[in-house]
Structure formats: C-alpha cells, structure tokens
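Secondary and tertiary structure notes
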Amino acid sequence: MKTFRLRMPNLLIISFLMMLFIPQFAYAQESGDIREAADPSTIIGGVSPADGAMITESFTIISFALGIPLADTGSINIIVDGQQLIEPNYLHGMVFTYCSNLQEGKHSLIIRVLDHDRNLLQEYSGSFNVQLSLWQDSILEASNIEATSLRLSWTPAKESLGYRIYGNSILLGAVKGNITSFDATDLWPNTAYTFKVEAERSDGSWTTDGPAISVSTFPQDRSNPIIESVSPADGVELTSAWPKITAKVYDEDSGINLSMSMVGVDGRIVPFSYDEASKTLSAIPPRLPSGTHSLLIFVTDHDGNQTRYTTSFTVKYEAVAPFIEWSNKIHAALNAGDPADVEDVRRLSAEFAELDDITDQSLIDPIWNKIKIKLPASVDQAQLKKKLFHIILSIGSLPYDQQESGLEAILSDPEFVQTLQTIAAAGGEKNLTMEDILTFMFGDGVSLRGIEGHVHYYLSELSPIERFALLGDNQKMMDVLMKAITNQLSQTSYYKISSILRNLNVTSQDVQSTLLKFQQKLKHDGPAVHAWTAAYIRSMAQLSVKVSNQGYQHHYSLKVASVDIPPQALLWKKVSGSALFSITPDGVASIPEEAYIATAVIQAAIVNPSNESNKVIFQKEVTIVADKDPTVIFQSIMHAFESKLVIVQSKLNVATTHKEQTQLMLDLMNAGKEATKQIKSLNITEAVKSDALDTITNKIVQAASSLLIVY
C-alpha cells in the first residue's frame, strides 16, 4: 500500500488556499469509517487544466476532485507527456500536484486511480495546450503628458499581428504589429489612468498579460496662483503689535483652494479670511513681540498648482505700546458704533471713579486675605491693601477709561511699581515687569496664548449654536473667562504672575469671587461689557465671501481671529448703493442677470438673544462683478456713465437756478465716482484703467466748464 504524505511545497500554498474557498472542490469527504461502493463515473472529476485548455505559463497546477474517500484508493498516478509527476497531495477532497518547465505546444494528461490491489478504478485521458507569453520583460511607458493627452510606447512583443491599447479597461485604439507607440487623446484633465497593451497572436487570439502603467494627466490649469501686493512688505519696520497682513491672491483658471492655503508667522499658522470679490487675503496674528518676524503665504489652486511667498518684517515698540494700541483700537471701534454704547461705557467708567479707597476695599478681600498671610512683618498691610485696591481699580477700569494715557500714568507712578514688587517678592519672584503683565493678558505672540488667546481658543471649541447662546448670557460669558483664567493660573512655569499667585495660594476661585464682588457693586457693568464686546468684535471682524452663480451671487460671513461668528447671530442689510444690489438678512447678496457690476455699502449687526438692541459690528463698501469678459463689463460701465452724462447735460441746458445746476453736477460726480470704483475692481490692464479714469474726469470737468451761471 502506498501512503500519501501531506506535503505542501511553497509553490503550491497559494493554490491550496484558493481551493479551500471554491465550493465545487470541497465536496469529497475524508472518512475511512464507512465505505460505500465506488461510483466509477465520479471518482475523477473537475480536472484542471480541463481538456483542451490553454495555459500561458510554463508552470501549472494539475488537480482533480477525488469522488471517493482517500482510504479507498491504493495509489494515484498523474502523468504528463508520458512522465509521471511527483506524488500528488490530498486536501479536503482535492488531489493536486504541479508541472513545470512546460514548452509551447500540446501536452497529454493521464490520471489513474488504483485500488489497494492495484486494480484500475478509473482513468482520465485528456490534453492541454501551452502558449507562453509574448510579453516577457516588456515595459509600457508614458511621455508627453498633458492635460488631455499623452504618448504611450512599449517594448514589442515577441510576435504580433497588431496591438490594442486600453485606458481604464476601455479600448482606446489599435495599431499594426510594426508600431510600438500610440497617442492617447481626449483624456480627462487631472485624472488617474491605468493603460494596458495587448498583442494579437498568429492564430488571431489576443494576449491578456500585456504590460501596464498607471499615470495621471496634468490639470487643465498648469499655471501657479498669483500672490502680489503683500503687506507688510519685505524688510519694513512696524510699530504695531497686531499688524494686519494682506495680499492680493488669485488664480484665473481653476480658482484658489482656500482649504489648502495658509498664512504663517514665525512658523505658526494664522487664521485668515478671503474676499473673493477683491481677491484679498487678510489675517491678524496674535500679539507679536518686538523683533524680526518671518511671514509665509502659501496658496494652492483647485488643480493643485502652488505658490509660496516668504518675507520678513520687524516689529518695534515700547513695552506699554501693545496695550495702548489695543485700547485705542477698541475705543475707536466703540466710538464708531451706537452712541448708547459709548454712554454705557462712560457710566461704568464713572462708577469705577466713584469707588472709595477705604469703604470699598472689601471688594478685593478674596485675593487680599491670601496675600497678607505671606507678607513680612515689616510691611504696612493697611497701606499696601489700599495701594493694591487702587491698582486693581485702575487696571480694571482702564479698558473703559477714555484717557489714552491712563496706562502710562499708572506705570509712571512709583507707588504702583513698589506695590507690585512687594507682592511679587512675597510670591517668590523678582523684577516683575509690564511685559510680564502684558504676556499674562495677551500672550507673547509665540507659544503663550495669554488670557485673551485662551478665551479665543475656548470659543473656537464651541459649536455655532453655543457661541450664539453666549451673546445674551452673562453667566456663560463669565464661565468662558474663568476657564481661561483657571488654565492661565495653572501654567506657573510660563507666566510669572501665575507663579506669584500660586505661591501666595491665590486660586481661580479667589479671582472669580473678586470679579463677582465688583459685578454686584457696579450697576452698569453688564451693559458696558456688552458694549465693549461689540466694539471688540467690530475692531477685529474680518469679512469672508464665497462667490457663486458665475459671480452674480456673494455669500458673506465674518470671523474674529480664528473664531467664526455664527451665521444665525448676524443680520445683514444694504445701507446704500446701487439699486441693482440686494442682500438678504443671512448675508446672500446678488445682482440681476442683466447686470454686470454693482456697488453698495453693506452692514452686519450682531443679534442679542436677550432681546436687547442689536449691535452693528461691520460695515463696508463691496462690489459684485459678474464672471464675464472684463472688456464687456468695462464697456457697460463706460456706457452707463456716458448715458448719465447725456442726461445731466440735457438737464443743465434747461436748468435756471444755481441750486439745480449744483445738484445736477453732484449727481454726475457721484456717477463718476461709482464708475471709477467699478473700473478699478476690474481685471484689465492698468493702462486701460488710467485712460478710462482720465476720460471720466475730463468729461466731468467739461460739463462743469460749460455752465454759465449769472449772479
């Protein structure tokens, strides 16, 4: 009796695994307990390769399904071209072995299954054909790659009557057997393709194992985006701790991909806004310390083309300058808003001034009670508490104080400096400077956020609905502030003030208790904080616009630093401008399809959920320009101005009073200003713009010179 060993040569492992998952090969059972009479017709089944099959490699697996238990067999012989192959293997009803080094041509295959007495149970006789690959070591290459075409070339097959070329499994074309290149055209831009070539054999059949290559066509847009008019310019020296970064950024073909563009200062990403109408990118980095700073603007278009702009600028200011700049900026924004807001802030400022150094000192007790424990015996505690109260009062009222020199006056006060140094020494620190205080409040512009930066960060983590809810909820606004302060006080290794307060055992709860005491004492605190918040947003708000419908529609939104203002918190309206320009309350502006361009002043007010008055936080003149040929739009603008000129001149001819003539000239001048603004916004040459503006000016002057006014 011959015993079959379960040998698994490495070359057969993959084939075994495949057979395990093919149902038709798994019906034979290995069982020697119950033997039934063998059915000769089913002993050998599912032979592979099947009779007449075509093999394209010199190696093949020979297999069949054994229709009886293995124990009922004595031996199994598999013979190819008269040569018996190595002992076959058996697994889950399948018998298999392999045959290698096959030559092209027809090969005979005989399978014999014998019983234990070497009687033949069944014999299979068939044949298969081998036709080796025509593509040994052949290579397919791509060249002259463009947006919609490329050239394919390949190593010729051993023999071929012709070639077929496929792209992503679709037949692209065919060439004769003596040609080994093909120009693929009418391709999609910026698209991945897998190309393949097959050869025609002498018998008319086609290969299936031809060489392949994967390649992507270039984008339709091969030009890089444009970055120009960058501010601050290279090498410039600034005195602002919050310089505004602007640049004109555009791409005439596929447009700017904002999600793949960025602004960076000193290696840190700075959030930016983008006005598609004016093609202007703008950003305001966190407070920058004095020194030289690097600027990076990186822009990508929708077809993946990129442009990088790098430069550097210098910031130089005195230690107190950032706070004065910040305060002045918000005061200017406050004065530009509702006069009632200014009055609310003045009332709170007056309340601060009315607090008494003696009777109201208990407001700072939560902090003072911790500090006094650490003071040396030589310190006059009553006098120090009075001075500390005055300092806290001065700093607390400073944002609401209309005196721009307030901070400088405090810093120049020797008692202010001495008091801070005494408390700092009690907290284990020396040389507490104004820069330390500013860093605690605004960060250092590099790695430290400061209280302001932490407030921005926590706001950015809220959903738009949660941010909207903050607007009318003093408690929620206080919660965000206290979260920022708590985080700040925990970072004693980075902030000197945090280290001092930690050593004095002053906690965030002590700070919160002190703030609450002041809030309860000051009746005008709530309205003034809302007014100040609106002014802060007004000073920092940046406009973003998404252009759609071929430029006929603009969708406006606002953000403050890195935080988007919730759309549901804003109400938009048109203040003045062209009758062709309209805007919905949710910030969607448009012009009719028969128009090409329109300019208007738009305004956004922030909604107050607590039913108080809405606060205007943004106002700007904007222009909608349809995505049409700039030359056509230019001609339309000039035609509209000239039509206005004809109307004015005809009316001037019959005007009888100086008042009528003056009003007509004002109308003409306003039309000229409108036309000038619109022409400047067009993407046409500067020479054409200059000639047009000169024409408009000259025609207005000529109209004015033609007046004959008799006094």
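Looking at the nonpolar core
Counting residues in each nonpolar core, the largest one holds 64 residues, and the members touching the most others are Tyr-556, Leu-558, Ile-565, Trp-572 and Phe-581. If you tally residues by element for this core, the top one is helix H14 (residues 525–540), at 6 residues. Beyond its immediate sequence surroundings of up to four residues, Ile-565 is in contact with Ile-537, Leu-558, Lys-559, Val-560, Leu-570, Ile-606 and Ile-617. Counting 44 residues, the second-largest nonpolar core is a separate cluster that includes Leu-355, Ile-371, Leu-470 and Leu-501.

Some points on the pairing of strand E12 (residues 162–167)
Note: E12 against strand E13 (residues 170–176), 6 bridges, orientation antiparallel. Counterpart to Tyr-163 in the pairing with E13 is Val-175. Counted between consecutive antiparallel strands, the loop separating E12 from E13 contains 2 residues, among which Asn-168 sits at a positive phi close to 50°. Strand direction decides the pairing type here: E12 and strand E15 (residues 192–199), joined by 5 bridges, are antiparallel. Looking across to E15, one finds that Gly-167 is bridged to Phe-195.

Here we look at the layout of surface pockets
A probe as big as a water molecule, rolled over the atoms, marks out the empty space that is left. Considered as a void within the structure, the second largest pocket measures approximately 1,200 Å³ in volume. In terms of lining residues, the second largest pocket is bounded by 42 residues, among which Glu-276, Ala-277, Ser-278, Lys-279 and Ser-681 are the most central. Elements with a minimum of two residues in the lining of the second largest pocket: strand E19 (245–250), strand E22 (272–275), strand E26 (541–548), strand E27 (553–560), strand E33 (615–625), helix H15 (630–654) and helix H16 (658–680). No other element matches E33, which puts 5 residues into the lining of the second largest pocket.

Let's talk about the confidence of the model for the chain
This prediction gives the chain a mean pLDDT of 83; 89% of its residues lie at or above 70. Across the chain, the secondary-structure element scoring lowest on mean pLDDT is helix H1 (residues 13–20), at 40, and the one scoring highest is strand E14 (residues 181–184), at 96. This model gives residues 1–38 a pLDDT under 50, and the stretch forms 62 contacts once residues within four places in sequence are excluded.

A closer look at the environment of Lys-615
Its location among the elements puts Lys-615 in strand E33. Once the C-alpha coordinates of Lys-615 and Gly-337 are considered, the two residues, 278 residues apart in sequence, prove to be 7.8 Å apart. Of the polar contacts made by the side chain of Lys-615, one reaches the side chain of Asp-341; its length is 2.4 Å.

Let's talk about the pattern of salt bridges
Enumeration according to the criterion identifies 13 salt bridges in this entry. The salt bridge partner of Arg-151 is Asp-183, with a shortest N-O separation of 2.7 Å. Remark: Asp-183 occurs in strand E14 and Arg-151 occurs in strand E11 (residues 150–154); sequence separation between them is 32 residues. In this structure Asp-183 comes out as partly exposed when scored by relative accessible area, which is 40%.

How each quantity is defined
- Residues numbered from 1 in each chain as written.
- Predicted model: local features only at pLDDT ≥ 70, side-chain atom pairs only at ≥ 80, totals over all residues.
- Heavy atoms only, no water.
- Core = buried A, V, L, I, M, F, W, Y, C linked by side-chain atoms within 4.5 Å.
- Buried < 20%, exposed > 50% of the residue type's maximum accessible area, 1.4 Å probe, protein only.
- Helix = DSSP H or I, 4+ residues; strand = E, 2+ residues; numbered from the N terminus.
- Contact = heavy atoms within 4.5 Å.
- Pairing = 2+ DSSP bridges.
- 1 Å grid on protein atoms, 1.4 Å probe; cavity = no way out; pocket = protein on both sides within 12 Å on 5 of 7 lines; lining within 4 Å.
- Points joined across faces, edges and corners; volume = space filled by probe spheres on them.
- pLDDT = per-residue confidence, 0-100.
- Polar contact = N/O pair within 3.5 Å; in protein donor to acceptor, adjacent residues only side chain to side chain.
- Salt bridge = Lys/Arg side-chain N within 4 Å of Asp/Glu carboxyl O.

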